[in-house]
Structures are given as C-alpha cells and as structure tokens.
Amino acid sequence: MQHQTIVSVLNRYAHDFHPVVDFDPAKDKLLAMDFTAANELLTTEIIDDTRKFTTYVNGLLKEAGARYGIGGYAENRTVYSRSALFGDTVSASFGEGVSSAMEPRRLHLGVDIWGPAGTPVYAFMGGMVHSVAFNNNFGDYGATMILSHQLDTHSFYTLYGHISLKDIHKLESGKYVNRGEVIAHFGHEKENGHWPPHLHFQIIIDLELKEGDYPGVCRMSDKDYYLNNCPDPDLILRMNQYV
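Calculation notes
- Sequence order as written defines residue numbering, which begins from 1 separately in each chain.
- Local features in a predicted model are, by the rule used here, given only for residues with pLDDT of at least 70; side-chain atom pairs are given and counted only at 80 or more, and totals for whole chains, interfaces and linings are based on all residues.
- To get the side-chain values, all heavy atoms of the structure are used, and hydrogens and water are removed first.
- We count a stretch as a helix when DSSP gives it H or I for four or more residues in a row; a strand needs E for two or more, and each element gets its number in order from the N terminus.
- Only protein chains enter the accessibility calculation, which uses a 1.4 Å probe. A residue is then buried if its area is under 20% of the maximum for its type, exposed if over 50%, and partly exposed in between.
- For the purpose of counting charges, residues Lys and Arg are taken to be positive, whereas Asp and Glu are taken to be negative. His and the chain ends are not included.
- Note on definitions: salt bridges are taken to be side-chain nitrogens of Lys or Arg within 4 Å of carboxyl oxygens of Asp or Glu.
- Should any heavy atoms of two residues lie within 4.5 Å, those residues are considered in contact.
- In this analysis a 1.4 Å probe is tested at points of a 1 Å grid over the protein atoms alone, and where it fits but cannot get out there is a cavity; an open set with protein on both sides within 12 Å along at least five of seven lines is a pocket; lining residues have an atom within 4 Å of a point.
- Grid points are joined across faces, edges and corners, and a volume is the space filled by probe spheres set on the points.
- Residues are grouped as follows: Ala, Val, Leu, Ile, Met, Phe, Trp, Tyr, Cys and Pro are nonpolar; Asp, Glu, Lys and Arg are charged; every other residue, Gly included, is polar.
- Pairing between strands is defined by DSSP: at least two bridges between them are needed.
- As a rule, the C-alpha atoms of each element are fitted with a line to give its axis, helices using only the stretch in contact, and angles between N-to-C directions run from 0 to 180 degrees.

### Considering the side chain of aspartate 167
Mapped onto the fold, aspartate 167 is located in helix α4 (residues 165-169). In this structure, aspartate 167 is buried with no salt-bridge partner, the nearest side chain bearing the opposite charge being lysine 170 at 4.5 Å. When residues no more than four places from it in sequence are discounted, the contact partners of aspartate 167 are Ile183, Ala184 and His185.

Here's what the structure looks like:
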C-alpha cells in the first residue's frame, strides 16, 4: 500500500522535479549500460581492476557519443563479484524477506548514471539532509548522502552514492536543501568506493533506522521486499525514455 502511494505521489508531481543531472534530451545522448551475465565483453579481468573498469565505461560512452550511461534498476548484476562486501555469508532477515546464509547480493536497487568525476548533482525537490557517511569499503558507496522528503504528507528518502568527499564534508544532518541546488558531484575512485565515476540514485520508503547507508544491492531471495521498499528511481529521474 505504501509503495503504491509513493509511486502515485511521485507521478503526480513529476512535472515539478528538477533534473538530478544536467541533461538536454534535444542534444544529449544516453547509453543503456548492461552489467549482467549477458554482457560477455565485461570480463572478470575488467571488473576486478578499477582502472580497467573505468577505461571500459569511458570507452563505451565515447564510442556511442553519449553524455551518460544509465541503467541498473532491478538488474541482476555480475559486477558485484568484485567485492567481498556483496558475498557475505551472514544470514539476515529483512521484513518478510529471509536470506540464505550463502546467497550473495546481486540485485541492484537504484539507477546508476555513469559520467565524468565532478559531474554536478542537483536536488530534484526540497528536502532535508538525513545523514551522510563515508562508506569506505572496496565496492561500497564511498561518500554517501541521504535526503528526507515529504510530498502530500507522505515521507520518503533519496540516497546519493559514490559522490565526492568534499560534498559530505559541507553537509550535516538537518540542513535544508532547495530544489535545483547543487548538492553533490560524482566522486573519483578513491572516494567513491573504487568504482568508475557514477551516481547511484535510489528511492527508499522505510530507511529502517539506518544512517548514511542503506542496501543498494540485495539478495534475490529478498527481491520482493526490497523492490517494494525501493521504487523505480526513474519516477524522479524521467531519463529512461531517452535511451
């Protein structure tokens, strides 16, 4: 019920949202990125080496003449094999989802926008800084920000992962941000969890008392719970129509 309510509210106000990144559909091109097992060009050698991975992503964007690469929501990705962070063996239960002790996390819960480090990120609407953190594990979010929002009395959160350390150093919980304000920038590999530069953008309904972090990838056995709690970010981004 809460999922559908948030979806309806976001659809109702979509015309008022500011773009999260600079993008002109009349002249800018988007490239759909595939990080599933179906992409045979994305080898383990590339995935395990951040510089090679970055070269791979940049090469795809250049070849396609694309300003950004985009995609990933509800995608079953092989790239998370690069980090032990996603293959832990601790069993867990979230809501109605119960995870097998040996099951790795592979299902992506946000949308990734791939582009140059330093790319500005804008507040799509007003909100308050809920929390920030530097999740500095290999393959993690790196610098991370979570904003809280309210529309028609309904509360939800947005998470911005792989951003710049200088951004979170300027923010503190309780700070208000305005629609259209630059709130972050794509971080480089030493501050973004050792990934090619990109933004992980995610909607979260119930933050489950977490601060500065929330799973952006889940186990397939928890799919229903997490996709219900994390609606499609394109409800805000409205970019997939241009792929």
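### Some details on the layout of surface pockets
Put simply, the second largest pocket is a space of about 200 Å³. The wall of the second largest pocket is formed by 14 residues, among which Phe17, Pro19, Leu237, Arg238 and Met239 lie closest to the centre. For the lining of the second largest pocket, the residue count by class is eleven nonpolar, two polar and one charged.

### A word on the sheet that holds strand β13 (residues 198-204)
An order of β1-β2-β6-β13-β10-β9-β8-β11 is seen for the eight strands of this open sheet, with the pairing classed as mixed. Each of the sheet's edge strands pairs with one partner strand only, and the pair in question is β1 (30-32) and β11 (176-177). This element, helix α1 (residues 2-13), spans β9 (142-151), β10 (154-163) and β13 of the sheet and lies at about 80 degrees to β10. Each of β1, β2 (68-71) and β6 (111-114) touches helix α3 (residues 50-64); the most contacted strand, β1, lies at about 125 degrees to it.

### Looking at unusual backbone geometry
Positive phi is not limited to glycine here, since aspartate 152 has a value of about 50 degrees. Take aspartate 152: it is sitting in the loop between β9 and β10. A relative accessible area of 33% means that aspartate 152 is categorised as partly exposed. Positive phi, normally seen in glycine, also occurs at arginine 238, with a value near 55 degrees.

### Focus: the pairing of β9
With eight of ten residues buried, β9 is to be regarded as a mostly interior element. Sheet analysis places strand β8 (residues 127-135) next to β9, joined by seven bridges and oriented antiparallel. Its bridge partner being in β9, valine 129 is matched across the sheet by leucine 147. The antiparallel hairpin formed by β8 and β9 contains six residues in its connecting segment, where glycine 139 sits at a positive phi of about 90 degrees. Where β9 meets β10, nine bridges bridge the pair, whose relative direction is antiparallel. The residue of β10 that forms the bridge with glutamine 150 is serine 155.

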